[in-house]
Amino acid sequence: MTKEEYDKDIKTLITWAKAYYVYDEPIASDEEYDLLARECLEFEKNNPDLVNPNSPNKRVGGIVLEGFSKANHLSRMWSQEDIFNTKELEDWIKRASKVGDNLEFFCQPKFDGVSLNLIYEDGILKQAITRGDGQIGEDVTQNAYTIQSIPLKIDEKSLIEIRGEVVIKKVDFESINKDRIKNNEVPFSNPRNASAGSLRQLDSNITAKRKLFFNVWGVGQNSLHFAKTSEMMKYIFSLGFIEAPMQTLVKSIDEIENIYTNMVNKRDDFPMLLDGMVIKIDDIQTQEDLGFTQKFPRWSCAYKFPALEKTTKLKDIILQVGRTGVITPVAVVEPVLIEGANIERATLHNFDEINRLDLKINDSVIIIRSGDVIPKITKVLSDRRTGDEKEILKPTLCPDCSSELLVEDIMIKCQNLDCPSRVVNSIIYFASKNCMNIDGLGDKIVEQLVREKKIFDILDLYSLKYEDLETLEGFREKKITNILNAIKNTKGSDLHRVINALGIEHIGEVASKQICFEFGLNIVDVTYEELIKLDGIGEQMANSILEFMRVNKDIVLKLFKIIEPIVVQKVEAEDNIFKNKIVVITGTMTKSRNEIKEILENLGAKISSSVSKKTDFVIYGEDAGSKYDKAIELKIKLLTEDEMNELIKN
């Protein structure tokens, strides 16, 4: 085979592969394709310097990684601001119109998948990175090579980031799940999870077998010279990327609404799942003038589709016991397919929700699910009742340990630390980094110790011996020694860490410190009147502590005897700008949130988890989110990490 013949055959293979993998319209048999691919592969083995960079043989997979390395995007991948109705669309356009009138808008279908950033240099695909936190993602280049709709080579020679969504077609999703069920594997819950799970396979052979699809929605860093997004995207598609249908340039709200309505009506006709429509201001200079908020581009938004509704029947209510003992009712419904997911359960939050809906067993109900949102019952079709419906009664005893339940407003909870449903999660929480920080005692190990009946509650951690662990699978001498030493090192911990580690409802780190400073070891006998006097301790928090100690006082006293916690005396901070101020910390900074919290608490600040009118400062970093927005709304003083450090320094 000559180089010219090889290149001609590669073009044929690319055409055949695209017809099969991308358009689902095969124009050659599998035997023909395999024969030609083997001939080209033989040429490539003998002539490694002449291999066509676009060769389909590069897409076969075969590399197995130990893990994914982190990689930086050349420019940040931003989230989209979500809008849900015409009023929110009008408000968004009104804000955007501050930089000029006569705006044009480029509308694109928003596919429900996993975002991927492709970096091309000198026309060659150099790297593929998942979105991650928008700045750093995972390098999945080997897996991206296997996706047929991603060109391995393009004609654009400048350094460019091309961004899009990796999705899976509905029919391929169903096929994958049939195979997984046949192989006794857990099926994917929806096509989005299948896409993410397939893209993040350490074995690229597995990714290659899944028909993943890449839909381009934009670019990152580039040196292209286009005045309009629509023109730039037309050029990107000319490089070999597949153009999604219904990408449209419009000039008014009415036109946007027409396109949106059309997409909603045709969403079931798309081969991949859609969850909305992306709207971008077409003029690139206007985009630059508008810039970005902390989270979103001001020139782009996602007009989300309404949640899909289906009718089904309520078969039963089961009770789930959470880590802190909170009882959550869960609806068991007749299976119904929504957006590719087989829904059999729905959240009900609490028993007030059941009363509000006037829900009964055997009721016909409307259930909704949108994207990754947990399925929810929105309406009871009471006119369909037949007389076979049954009342749903509030429980009085824990479904697992039969302890009497605490009823607190809309919350019902089991306070028993020895409750089987609480044991594993309460021990995991107790051992976690922000609590007792027992290094090496992770979720899986705790589950194993409980399963093997080596521990039954928190107290049993402190009676573990080497011989208890040496017979367990995966436990070697060094691992056993490290765990036992980590448990031993928790002895003599500050009292507030121990109290926080118990997972008392409503009592976090800040409240634990405050109460322990005030009452020390007498916390087990504290009264309602004493607690309610403390600043920031309300009726609900006080009752939660009292009920917890009533049920678990013996366990807590035994724990105190074993750990011998240190009662830290509160030291009055010198006068400074943060003393006695309520501070909220949000976003990602150079120091961990716990480090910043400790610095501020040492200055006498009170750290809060939520923003309110009483908040004095909000200290924010990257991806600050809703707390940042709430602070602006309430006109609360905002500080960056550098501004905070400067104030502390001065």
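Residues numbered from 1 in each chain as written. Predicted model: local features only at pLDDT ≥ 70, side-chain atom pairs only at ≥ 80, totals over all residues. Heavy atoms only, no water.

Novice: Explain the overall build of the chain to me, and be specific about the residues and the numbers.
Specialist: Scanning the chain for helices and strands turns up 22 helices and 22 strands. For the chain, with 650 residues in total, the buried portion stands at 47%. Long-range pairs, those at least 24 residues apart, make up 68% of the contacts in the chain between residues at least 6 apart in sequence. Accessible surface, the chain as shown: approximately 33200 Å² in total, 47% of it carbon and sulfur. The distance from the centre of the 87 positive side-chain charges to the centre of the 106 negative ones in the chain is 2 Å. (Helix = DSSP H or I, 4+ residues; strand = E, 2+ residues; numbered from the N terminus. Buried < 20%, exposed > 50% of the residue type's maximum accessible area, 1.4 Å probe, protein only. Contact = heavy atoms within 4.5 Å. Areas by Shrake-Rupley, 256 points an atom, 1.4 Å probe, with all protein chains shown as cover. Lys, Arg positive; Asp, Glu negative; His and termini not counted. Charge placed at Lys NZ, Arg CZ, Asp CG, Glu CD.)

Novice: Which residues make up the packing of helix 12 (residues 420–431) against helix 13 (residues 443–451), and what are the values?
Specialist: Close contact between helix 12 and helix 13 brings their axes to 9 Å; oriented N to C, the two are set at 140 degrees. Between helix 12 and helix 13, the angle is such that the two are oblique. Crossing geometry of helix 12 relative to helix 13 is assigned as right-handed. Between helix 12 and helix 13, the residues in contact are Val423, Val424, Ile427 and Ile428 and Asp443, Val446, Glu447 and Val450, respectively. Within the contact of helix 12 with helix 13, the residues separate by chemical class into six nonpolar, no polar and two charged. (Axes fitted to C-alpha atoms, helices over the stretch in contact; angles between N-to-C directions. Parallel < 35°, antiparallel > 145°, perpendicular 65-115°, else oblique. Left-handed = near helix turned anticlockwise from the far one by under 90°. Nonpolar A, V, L, I, M, F, W, Y, C, P; charged D, E, K, R; others polar.)

Novice: Could you give an account of the sheet that holds strand 20 (residues 606–608), with specific residues and numbers?
Specialist: Ordered by their spatial adjacency, four strands build an open sheet running 20-19-21-22, and the pairing between neighbours is parallel. Lying at the two open borders of the sheet, with one neighbouring strand each, are strand 20 and strand 22 (637–640). Direction aside, the axes of adjacent strands within the sheet are offset by 30 degrees on average. Bridge count for strand 19 (residues 582–586) against strand 21 (residues 617–620) is four bridges, and the pairing is parallel. If you follow Thr586 over to strand 21, its bridge partner there is Tyr620. (Pairing = 2+ DSSP bridges.)

Novice: I'd like a description of the nonpolar core, backed by residues and values.
Specialist: In terms of nonpolar packing, the biggest core is built from 54 residues, with Phe430 and Leu461 touching the most fellow members. Listing elements by their share of this core, those giving two or more residues are helix 12, helix 13, helix 15 (477–488), helix 16 (495–501), helix 17 (509–519) and helix 19 (539–563). For this core, the element with the most residues is helix 19, which contributes ten residues. Excluding residues that lie within four positions of it along the chain, Leu461 makes contacts with Ile427, Phe430, Ile438, Leu441, Ile455 and Ile487. Ranked by size, the runner-up nonpolar core spans 35 residues in total, among them Leu118, Val166, Phe173 and Met233. (Core = buried A, V, L, I, M, F, W, Y, C linked by side-chain atoms within 4.5 Å.)

Novice: So, the packing of helix 3 (residues 86–96) against helix 9 (residues 253–266): which residues are in play, and what are the values?
Specialist: Where helix 3 contacts helix 9, the axes come no closer than 11 Å and their chain directions differ by 135 degrees. Put simply, helix 3 runs oblique to helix 9. Here the hand of the crossing between helix 3 and helix 9 comes out right-handed. Residue-level inspection shows Thr86, Leu89, Glu90 and Ile93 of helix 3 in contact with helix 9, the latter providing Ile253, Ile256 and Glu257. In terms of residue class, the contact of helix 3 with helix 9 is made up of four nonpolar, one polar and two charged.

Novice: Break down the sheet that holds strand 11 (residues 300–304) for me, with residues and values.
Specialist: For sheets, the rule is that strands pair by backbone hydrogen bonds, running either parallel or antiparallel. With respect to topology, five strands assemble into an open sheet ordered 2-11-10-3-9, the strand pairing being mixed. With one partner strand each, in any of the chains shown, strand 2 (81–83) and strand 9 (248–250) form the two edges of the open sheet. Mean inter-strand twist for the sheet, computed between neighbouring axes without regard to direction, equals 35 degrees. Sheet analysis places strand 3 (residues 105–111) next to strand 9, joined by three bridges and oriented antiparallel. Paired with Phe106 across the two strands is Leu249, which belongs to strand 9. Running over the sheet, helix 3 touches strand 2, strand 3, strand 10 (274–281) and strand 11 and is turned about 135 degrees from strand 2. Where helix 8 (residues 229–238) meets the sheet, it contacts strand 3, strand 9 and strand 10, and its direction lies at approximately 50 degrees from that of strand 3.

Novice: Account for the state of the cysteines, naming residues and giving values.
Specialist: All told, the structure shown has zero disulfides when counted by the stated rule. The cysteine Cys107 is free of any disulfide, with Cys301 supplying the nearest cysteine sulfur at 8.8 Å. When its relative accessible area of 0% is taken as the criterion, Cys107 is described as buried. (Disulfide = S-S within 2.5 Å.)

Novice: Account for the environment of Met277, with residues named and values stated.
Specialist: Examined against the element boundaries, Met277 turns out to sit in strand 10. Residue Met277 is classed as buried on the basis of its relative accessible area of 0%. In the structure, Met277 is positioned 194 residues away from Ile83 in sequence and 9.9 Å away in space, judged by C-alpha atoms. When neighbours within four sequence positions are excluded, Met277 is seen to be in contact with Cys107, Gln108, Lys110, Ile256, Ile259, Tyr260, Met263, Cys301, Ala302, Tyr303 and Phe305.

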